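Inside the fold
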Amino acid sequence: MYSDSVASNVIERTRREMFYRTCAQGFPYSRKLTAHVSCVNYLVFSRKGGRWLASAGDDFRILLWDFNQEDVSSPSGCYSGPAGNVLSLDFSASNQYLISGGADNLVLRYDVSRLVSPGVQWSPERPLPALSVYRRHNGSVRCVSAHAHHEELFFSAGEDGRIILHDARVNGRPSSAHGVFQHTTEFTGVHTHPVMEHIFATSDSHGEVCLRDTRMAFGPLSTRSNEGIVQTYVTKLSKRPFGYLSNPESSSVTFDGTGTRLAVTMLHWYPTIYALSDPFPLAICNGRNGPDGNLVPAGERTYSNSCTMKSGAFGGPGIGEDVLYAAGSDDFRGYVWQIPETTTLTSLREEIPAEEWYTQERHDVVGYCEALSATRYVPLEISTPLCRLNGHRSIVNAIAIHPSQLHIVTSGIERHIVLHGPTPSSPVAQGLTLTPSEVRKLTEYSHEDEMRFLGALLGTHPTLHGDTGQSDDESQTISLFDHILRGEGEGDVFELRQCKDDEDDEDEENDHMVIDIMRAPSASPP
């Protein structure tokens, strides 16, 4: 028994050493997966082994790619049903179902098991329809998240300010929504906790990020309390030269595999890492340095998030621990950072009392706080990414890390998905080539570019193209987003998102923190 334990520890240690050694070389090889005919907005791998990659975007189709193949190069399934751009996807607890949400206000549920059922024939000309359609939102569905333990339960978050907990066991009738929580502003994200079955996280356009409990957020009004909030995370920013705070829009939120940490994507700011039970951030991830540790030269573009909706992902292929975080960027790259242990991050975080904040000389330091009069928390800045993922000609919106293979996929404004790997071949992909290290420069204004921009803007569907083989068709779409980047790219969050400090709001938030943590939930599980 002892020898088995020692052998197991040696194997685990060796696996981790190989993982870190391989990741240190980056993911320099890639190839394009081409089947969509427009922007690809979202990517997600199925749970556990990651057999399926689901992709969707502006062409109103959902594709499934089978990573059990020896050389994945084309989709193995296609679903129809969306009537607008697809913005979010998720697999159910056992991967039997795939959930989608998008700009058509619909939530769609598909039966993945049909793809592998005997006698079912799939062809691109005959996509499979949705199993169920849910019409409970009055605005775009920004995010869907399946319950980690219950196959028939899933959440949707909409720009109508609703979080809906759906129960598929009631067959899609109006009563199928297990509960509806109505907020005062647009929700931008929802994510179910991977371990605790009653807990989920939300983000909204006002920058608020909360941990909530289904037993407090849903059900009869008599059992609801405190808007379901059990933790409110501090997202307001303070910078020494300014006498006001900034509250960046929190555009998405995600947990790591154990649910002990979560990451928030912030518009005009950096991905921010939190511990589950700590309201103050542990780290921010940026691209101040290149992967070699050298400062990015002045004038050279690096990580930024000022245009388009983006989502990030944790991962740690094959080692059972999510030590990586990845996100797309406006500089036409994906970024991957290695995240230190929580205890290390906590010990390196600075706490600066309010009365000392304006007396220090470092004027470029940004702290997180609840109010102007509150202590500033300065998280560790992870300024050197593990690697940057090239291969795109425009903005990267979506990224996913395979749960067991050393592969990362990225997508965005272009119709292609880029499959990245550390070597030219793997058990699921062959013939990857070295990715060009040069990144396309953002074009300067020209009359020709203005004409392409207007042509894309005035078209019936600005990002939709007719043929996967006609790469030139993407020039209008790329010009459209180049134009947006020239006008809105690299915006200063302190200029764009000023937040009036209100001591009453601060007191209310502090009350939330005390009440929520102390109060026991008062209703039965879903």
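The present account deals with the structure reproduced in this document. (Residues numbered from 1 in each chain as written. Predicted model: local features only at pLDDT ≥ 70, side-chain atom pairs only at ≥ 80, totals over all residues. Heavy atoms only, no water.)

In space, the four strands of this open sheet follow the order β6-β7-β8-β9, with antiparallel pairing throughout. The sheet is open, and its two borders are formed by β6 (86–91) and β9 (132–134), each paired with just one other strand. Direction aside, the axes of adjacent strands within the sheet are offset by 20° on average. Alignment of β6 against strand β7 (residues 97–102), held across five bridges, turns out to be antiparallel. By the bridge assignment, V86 is partnered in β7 with G102. (Pairing = 2+ DSSP bridges. Helix = DSSP H or I, 4+ residues; strand = E, 2+ residues; numbered from the N terminus. Axes fitted to C-alpha atoms, helices over the stretch in contact; angles between N-to-C directions.)

Quick look at empty space enclosed by the protein now. Tallied over the full model, the rule gives one cavity of 30 Å³ or more. Empty space within the largest cavity amounts to approximately 30 Å³. Around the largest cavity sit P82, G84, N85, V86, S100, G101, G102, A103, D104, L106 and L108, which together line it. The element best represented in the lining of the largest cavity is β7, accounting for three residues. Within the lining of the largest cavity, the residues separate by chemical class into five nonpolar, five polar and one charged. (1 Å grid on protein atoms, 1.4 Å probe; cavity = no way out; pocket = protein on both sides within 12 Å on 5 of 7 lines; lining within 4 Å. Points joined across faces, edges and corners; volume = space filled by probe spheres on them. Nonpolar A, V, L, I, M, F, W, Y, C, P; charged D, E, K, R; others polar.)

Our next topic: the sheet that holds strand β26 (residues 334–338). Spatially, the four strands line up as an open sheet ordered β24-β25-β26-β31, and their pairing is antiparallel. A single partner strand is all that each edge strand has here, and the edge strands are β24 (313–315) and β31 (387–389). Averaged over all pairs of adjacent strands, the angle between strand axes in this sheet comes to 25°, irrespective of strand direction. Pairing geometry for β26 and β31, over three bridges, is antiparallel. Within β31, the residue paired with Y335 across the bridge is R388.

What the second largest pocket holds in volume is close to 880 Å³. Around the second largest pocket sit 34 residues that line it, and W269, Y270, N286, R288 and E381 are the ones nearest its centre. Broken down by secondary-structure element, the contributors of at least two residues to the lining of the second largest pocket are β28 (366–368), β30 (380–382) and α7 (493–496). A class-by-class count of the residues in the lining of the second largest pocket yields 15 nonpolar, nine polar and ten charged.

On to the packing of aromatic side chains, then. Considering all chains together, one arrives at 19 aromatic pairs under this definition. Ring centres of Y134 and F154 lie 5.4 Å apart, and the angle between their planes is 75°; on these two criteria the pair is classed as edge-to-face. Of the two residues, Y134 is situated in strand β9 and F154 in strand β11 (residues 153–158); the sequence distance between them amounts to 20 residues. Judged on exposure class, the residue Y134 and its partner F154 are both buried. Aromatic rings pair up to connect W269, Y270, Y303, F314, Y325, Y335 and W337 into one cluster. Sitting over the face of the ring of Y97, R109 holds its NZ or CZ atom 3.6 Å from the ring centroid. Between R240 and the ring centre of W357, over which it is positioned, the NZ or CZ distance is 4.1 Å. (Phe/Tyr/Trp six-rings, centres within 6.5 Å; stacked < 30°, edge-to-face > 60°. Buried < 20%, exposed > 50% of the residue type's maximum accessible area, 1.4 Å probe, protein only. Lys NZ or Arg CZ within 6 Å of the ring centre and 35° of its normal.)

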